[in-house]
Amino acid sequence: MIISYRWLKEMIDLPVSSEELVEVLTFLGLEVEKVTHYRASLDKVVIGEVVECAHIEGTEHLTATRTNVGGEVLSIVCGAPNVRVGLKVPVMLAGSVTAEGMTIKKAKLRGVESHGMLASERELGLADEHAGIIEGDGDWVVGNPAAQYLDLSDTTYDVEVTPNRPDFLSHVGVARDLGAKFRIPWRWPEYSLTEAADEAAEVSVEIHAPEACPRYAARLVKGVKIAPSPFATRLRLIRCGTRPISNIVDATNLLMLEFGHPLHAFDLRFVDGKKIVVRYAGAGEKFTTLDGKEYALDSRDLLIADAKKGIALAGIMGGLNSEIRDDTQDVLIECAYFDPVHVRRTAHANGMSTESSRRFERGTDPNGVPRVIDAAASVMQKLGEGKVLRGRVDNYSAKVQPKQIPFRPTRAVALVGLDLASPEMEDTLRRLGCNVRSSDGIWQVEAPTYRPDLEREVDLIEEVIRVHGYDDIPSAITSRVVLGGSDNPLFKLRAKTVDVMVSLGFQETLSLSMYTPDERRDPPDMPRGVELKNPVTDDMLLLQGSLLPQLLRSAAANWQRGDRTLRLFEVGRVFEEGSREDPRTWERQTLCAVMTGQSYPQSWAHAVKPFDFYDLKGVFEVLCAKISLDNVEIICYDVESGEVLSGELRSDGDRVGKWGLWPATLMTKRDIDADVGWFELDLGAVEAHRRRGISYAALPKFPTSWRDLAVVVDETVTAAELVKTIRERGGEFLDKALPFDIFRGEKLGLGKKSIAFRLEFSNPERSLESPEVDEWMSNIVEGLKAAHGANLR
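What you see is a predicted model, and the numbers here were worked out from it, not measured in a lab. (Residues numbered from 1 in each chain as written. Predicted model: local features only at pLDDT ≥ 70, side-chain atom pairs only at ≥ 80, totals over all residues. Heavy atoms only, no water.)

Peer 1: Hey, could you run me through empty space enclosed by the protein in this one?
Peer 2: To locate leftover empty space, one rolls a probe as large as a water molecule over the atoms. Evaluated as defined, the whole model comprises one cavity of 30 Å³ or more. Considering only enclosed or pocket space, the largest cavity measures out at about 50 Å³ in volume. Around the largest cavity, the lining residues are Phe 613, Leu 616, Lys 617, Phe 620, Ile 634, Leu 649, Trp 659 and Phe 679. When residues in the lining of the largest cavity are grouped by element, the largest group, four residues, is from helix H16 (residues 613-626). Of the residues in the lining of the largest cavity, the class split is seven nonpolar, no polar and one charged. (1 Å grid on protein atoms, 1.4 Å probe; cavity = no way out; pocket = protein on both sides within 12 Å on 5 of 7 lines; lining within 4 Å. Points joined across faces, edges and corners; volume = space filled by probe spheres on them. Helix = DSSP H or I, 4+ residues; strand = E, 2+ residues; numbered from the N terminus. Nonpolar A, V, L, I, M, F, W, Y, C, P; charged D, E, K, R; others polar.)

Written as structure tokens, this is what we have:
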């Protein structure tokens, strides 16, 4: 939404400058993204009238004009498409300077002398955009200084409006809040309306879907003359980001920007039966909108129709079959209130987003319809010289009542921690449009219907402190509000997992849950996720099926910026399509991590070590120990099948995650010139296998007995398999079984290897004797031989 300082000044006597207003708007909840100052440069600029026009041969768009500037006629070359005989336009004479700093000089273009420039809004610094040269009003006097008509300095603010504040999508709404902030009065825009006493509006309105359209009002204006709007009106629209079209259409857009309530104008001759019917579309009913696009509607789409056909898609866009044209004479004005849910559903289902739908989706004021439609009729009467027929046709079949909200001033003070006086709070609420019935205990506050976001007491408290100023809330050591935590075990596991990963040197990332696959940048063999029927943008086609694609993109971006020690992780939801038997979309909480580059940052204290599989394995083992995930197995798929190493993570035989190692040859085309390791944990599965009832033991009082054991096994036997058997046969006093050496050689034989383990035994109640330790060692050796064909080395 673009707000004009000059427009606001018409409604409220602002006590701050245009520069100071930026901070005020920000603290009121409007994030100002861009500020534009318009200061017209009008020295040596006069009003001229084009008296001759001739196309310059050999050019595509240049025109030689003869322009009367008062007292003399100048030869001026112009490239604008809208130049024509009879047009009044500001003329920049030789020696004048454009807003961008270019000095206008006499010149010769394609053999034609040019003694100035026919100016657009951009050259004069009146606006950022233009559609050609300025088309002046009929009352502009040739030869007069342009400053007499164009002294339109202004400042505009491009603000981001949150979805809960539809009233901020209007100058009236912003002026109202500024009035509350500065505690000064503001003024409704005034429009005078003269109705035809002898002629009443002969149009009927039927509402067949009151739940989707509680109110629909119509007015008739006859005998209008379609023409360009006055320059000041066109300039106001351009500065607020709206393209001028004609005086009648411009009137609806002007009122929408002012009041925040969209309107629509129909050519009455194309409204069959002079009858408006608000109904749902038929299944598959075709409708062509103003932009020439045809849509196939369904039975949930709300349509504005006449006696025979649809003429507008409710709250979104009018139809091509009833648009205002150059020969339009009689106009039917629509001003209605549409249910936000219905407008949002239709707009999103058909991939449409308009200035009208943006406002109706957030909620307009159903009880402000009479004021807005009368203002529109007044503007059309003034700009189009039309006759307004007596009375408005107003079908309000389902009246929307203001919400009644109890409010406790003492609760506001306790919640905010700021001793606000009750009269100040009451004054703030009244200035925002609320009706307040105050008492000593609980107030009854009636929230205005243009503020659908006000539903609870806490909403009113927020309004009070927002207007008072968030920056005035003092710091406090203790809280007056009892804060409660979540008992969700998955929530606690997530928090614990994040803490552990950060302690291991990983950095947490945060990405959107929607993305678009990219074959070059994404890892191979990723689950597709869930396709969105109506994506927000082309970059958000799917709900992610894995966190890995976006995590790898983050790693690649950091690698390209020179980071060679990368450890990234993210905890988030992933999605998958349901089956034919159960078509619901499923979602899971997962932890995903990637590692690449060096094992640790380069230092004088140690040599550079590239990342390898054992770094990844070590991280996973520490993580499992910290989150009490026992009986974990790292299963490796067939290593010989290819260069990509991958496998599963299992607990008690069930899969709780997966892991992999992508070689540099595969990652280079993904902008990382190194091996990349990753693992992914399903937090829901992890929670189901975590050890419960953790107990703690005292430090051992007696010495530990240890033995070294080296066995020769086949290459296909893993150390993890051997450790599992050692623990099963080692007895209750076996504390640790750690591999510390591996050896391969000709003496062992082809396809054989030797693995050495350090075994530690301890009894918390006494010292162990060698014979009993020897017995346990014998059991272990027998078990290894039976299970794996292991022989002592």
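Peer 1: Help me understand the packing of aromatic side chains, please; the structure alone is not making it clear to me.
Peer 2: The geometry of an aromatic ring pair is captured by the separation of the ring centres together with the interplanar angle, meaning the angle of the planes. By the definition in use, this model includes 13 aromatic pairs. Judged by centre distance (5.4 Å) and plane angle (25°), the ring pair of Trp 140 and Tyr 149 falls under stacked. Each member of the pair, Trp 140 together with Tyr 149, is buried. Both rings, one in Phe 733 and one in Trp 776, keep their centres 5.7 Å apart while their planes meet at 45°; by these two values the pair is tilted. Placement of the pair is Phe 733 in the loop between helix H19 (719-729) and strand E38 (734-743) and Trp 776 in helix H20 (residues 770-788), with a sequence separation of 43 residues. Both residues of the pair, Phe 733 and Trp 776, count as buried. In textbook terms, an aromatic cluster arises when at least three aromatic residues are bridged by ring pairs, as seen for Trp 186, Trp 188, Tyr 191 and Phe 259. Over the aromatic face of Phe 168 sits the side chain of Arg 165, whose NZ or CZ is 3.9 Å from the ring centroid. Note that Arg 758 overlies the ring of Trp 706, its terminal NZ or CZ placed 4.0 Å from the centroid. (Phe/Tyr/Trp six-rings, centres within 6.5 Å; stacked < 30°, edge-to-face > 60°. Buried < 20%, exposed > 50% of the residue type's maximum accessible area, 1.4 Å probe, protein only. Lys NZ or Arg CZ within 6 Å of the ring centre and 35° of its normal.)

Peer 1: Any chance you could explain the pattern of salt bridges here in plain terms?
Peer 2: Between side chains of opposite charge, a pair can form as their charged atoms come close. If you walk through the whole model with that rule in mind, you get 56 salt bridges. Where Glu 199 meets Lys 387, a salt bridge forms, and the shortest distance between an N and an O atom there is 2.9 Å. With a gap of 188 residues between them, Glu 199 in strand E11 (residues 195-200) and Lys 387 in strand E22 (residues 387-390) connect regions that are remote in the sequence. Residue Glu 199 is classed as partly exposed on the basis of its relative accessible area of 22%. On the accessibility criterion, Lys 387 (38% relative accessible area) is partly exposed. Across the pair Glu 206 and Lys 275 runs a salt bridge whose closest N-O atoms are separated by 3.1 Å. One end of the pair, Glu 206, is in strand E12 (residues 204-207); the other, Lys 275, is in strand E15 (residues 275-280), and 69 residues separate them in sequence. For Lys 275, a relative accessible area of 25% translates into the label partly exposed. Connected through shared salt-bridge partners, Arg 165, Asp 167, Asp 177, Arg 451, Asp 453, Glu 463 and Arg 466 make up one network. (Salt bridge = Lys/Arg side-chain N within 4 Å of Asp/Glu carboxyl O.)

Peer 1: Help me understand the sheet that holds strand E10 (residues 154-160) in this model?
Peer 2: What links the strands of a sheet is backbone hydrogen bonding, and the strands pair in either a parallel or an antiparallel sense. The sheet built from three strands is open, its strands ordered E1-E10-E2 with antiparallel pairing. Edge positions in the open sheet fall to strand E1 (2-4) and strand E2 (31-38), since each of these has one partner strand only. Going across the sheet, the axis of each strand differs from the next one's by a mean of 25°, ignoring polarity. Pairing geometry for E2 and E10, over seven bridges, is antiparallel. Bridge assignment links Glu 31 to a residue of E10, and that residue is Glu 160. (Pairing = 2+ DSSP bridges. Axes fitted to C-alpha atoms, helices over the stretch in contact; angles between N-to-C directions.)

Peer 1: What's the story with a negative patch on the surface in this structure? I'm lost.
Peer 2: There is a patch of like negative charges on the surface, built from Glu 19, Glu 20, Glu 23, Asp 471 and Asp 472. By the secondary structure assignment, Asp 472 is in the loop between helix H13 (457-468) and helix H14 (489-503). For Asp 472, a relative accessible area of 39% corresponds to the partly exposed category. (Patch = residues over 30% accessible without salt bridge, like charges linked within 9 Å, V, L, I, M, F, W, Y side chains within 5 Å. Areas by Shrake-Rupley, 256 points an atom, 1.4 Å probe, with all protein chains shown as cover. Lys, Arg positive; Asp, Glu negative; His and termini not counted. Charge placed at Lys NZ, Arg CZ, Asp CG, Glu CD.)

Peer 1: Any chance you could explain the layout of surface pockets here in plain terms?
Peer 2: Put simply, the largest pocket is a space of about 2300 Å³. In terms of lining residues, the largest pocket is bounded by 48 residues, among which Lys 617, Glu 621, Ala 719, Ala 720 and Val 723 are the most central. Those elements giving two or more residues to the lining of the largest pocket turn out to be H16, strand E33 (632-636), H19, E38 and strand E39 (752-761). Here the lining of the largest pocket is built from residues that sort into 24 nonpolar, six polar and 18 charged. Taken as a whole, the second largest pocket encloses approximately 930 Å³ of empty space. Lining the second largest pocket are 36 residues, with Ile 245, Val 249, Asn 253, His 264 and Leu 290 sitting closest to its centre. When contributions to the lining of the second largest pocket are tallied by element, the ones reaching two or more residues are helix H7 (247-259), strand E14 (264-267), strand E19 (310-313), strand E20 (317-318) and helix H9 (355-362). The leading source of residues in the lining of the second largest pocket is H7, at four residues. Here the lining of the second largest pocket is composed, by residue class, of 19 nonpolar, 10 polar and seven charged.

Peer 1: Can you walk me through helix H11 (residues 409-416) in this structure?
Peer 2: In an α-helix there are 3.6 residues to a turn, and that puts residues three or four apart on one side. Listing the buried residues of H11 in full gives Pro 409, Ala 412, Val 413 and Val 416. Projected down its long axis, H11 shows its buried positions confined to an angular sector of 95°, all on one face. Against strand E24 (403-407), helix H12 (422-431), strand E26 (443-447) and H13 lie the buried residues of H11. Gly 417, located one to two residues past H11, shows a positive phi value of around 80°. (Arc of directions from axis to C-beta. Contact = heavy atoms within 4.5 Å.)

Peer 1: Would you explain H14 in this entry?
Peer 2: The terminal C-alpha atoms of H14, which comprises 15 residues, lie 21 Å apart, in line with the 21 Å expected from a rise of 1.5 Å per residue. Restricting attention to buried positions, one finds in H14 the residues Leu 493, Thr 497, Val 498, Val 500 and Met 501. For H14, the arc enclosing every buried residue in end-on projection is 165°, short of the 170-degree limit, so these residues lie on one face. Opposite its buried face, H14 presents the exposed residues Asp 499 and Ser 503, each directed more than 90 degrees away. Each element contacted by the buried residues of H14 is listed here: strand E27 (507-508), strand E31 (565-576), strand E32 (586-597), H16, strand E36 (676-682) and helix H18 (683-689). Capping the start of H14, Asn 488 holds a side-chain oxygen 2.9 Å from the backbone nitrogen of Leu 490, two or three residues further along. (Expected span 1.5 Å × (residues − 1). Polar contact = N/O pair within 3.5 Å; in protein donor to acceptor, adjacent residues only side chain to side chain.)

Function cannot be read off these values alone, since they describe shape.
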